[in-house]
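Structural overview
Now for the letters of each chain:
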Amino acid sequence: MLLKVSGEALSPLPLAGEQVAQEGKGVAILGFPVGGALGFSLVTHRGIISSITPIALPQSTAQALNEKSIRKLRDGTFNILQLDATAYPGNSGGPVLDAETGAVVGVLNMVLIKGSRESALTHPTGISYAIPVNLVAKLLARPD
């Protein structure tokens, strides 16, 4: 679902081409992390694209990995961007920008946390995940 806002249109951020997202590429992430705890101010963090990897949640045990689960992962996955950038719960949905051009290379989707959501504030992992811009563009191109 896309959020639609009425009123005067804002200037859109340019979308980068698919080829821009590369491992080692410098990025900036924007958002309003954990608004109630950190305040309602826009925050920017820098990082890099550390990996372009299939989206998959790790299995809790090695016994959960079997032929069926591996086939399901291969058939139902798409690539995401793993970022070496500090983000917090609540940053999700913010743009991931090419640090050089300002073009959107992805949308922040998940933050890896250890322990509770609250521990992410005091002990952030520095690992975040983003949906690549080519998938965002497909979503934006869908008819209403």
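For the structure, check the block above.
Residues numbered from 1 in each chain as written. Predicted model: local features only at pLDDT ≥ 70, side-chain atom pairs only at ≥ 80, totals over all residues. Heavy atoms only, no water.

Moving on, we come to the pairing of strand β2 (residues 43-54). Summarising the sheet, strand β1 (residues 26-31) and β2 pair through 6 bridges and their orientation is antiparallel. Opposite Gly 26, over in β2, you have Ile 48 as the bridge partner. Direction of pairing for β2 relative to strand β3 (residues 79-84): antiparallel, over a ladder of 6 bridges. Looking across to β3, one finds that Ser 51 is bridged to Gln 82. (Pairing = 2+ DSSP bridges. Helix = DSSP H or I, 4+ residues; strand = E, 2+ residues; numbered from the N terminus.)

Next up on the list: the sheet that holds strand β6 (residues 127-132). Spatially, 6 strands are ordered β1-β2-β3-β6-β5-β4 in a closed barrel, and the strand pairing comes out antiparallel. For this sheet, the mean inter-axis angle between neighbouring strands, taken without regard to orientation, is 45°. Its contacts with the sheet put helix α4 (residues 133-141) on β3, β5 (104-111) and β6, and the angle it makes with β6 is roughly 45°. (Axes fitted to C-alpha atoms, helices over the stretch in contact; angles between N-to-C directions. Contact = heavy atoms within 4.5 Å.)

Now for the nonpolar core. Judged by nonpolar contacts, the single largest core of 15 residues is most densely connected at Val 27, Ile 29, Ile 49, Leu 81, Leu 83, Val 96 and Leu 108. Looking at this core, the element that brings in the most residues is β5, giving 3 residues. Setting aside its immediate chain neighbours within four residues, Ile 49 contacts Ala 21, Gln 22, Glu 23, Gly 24, Lys 25, Val 27, Leu 81, Gln 82 and Leu 83. (Core = buried A, V, L, I, M, F, W, Y, C linked by side-chain atoms within 4.5 Å. Buried < 20%, exposed > 50% of the residue type's maximum accessible area, 1.4 Å probe, protein only.)

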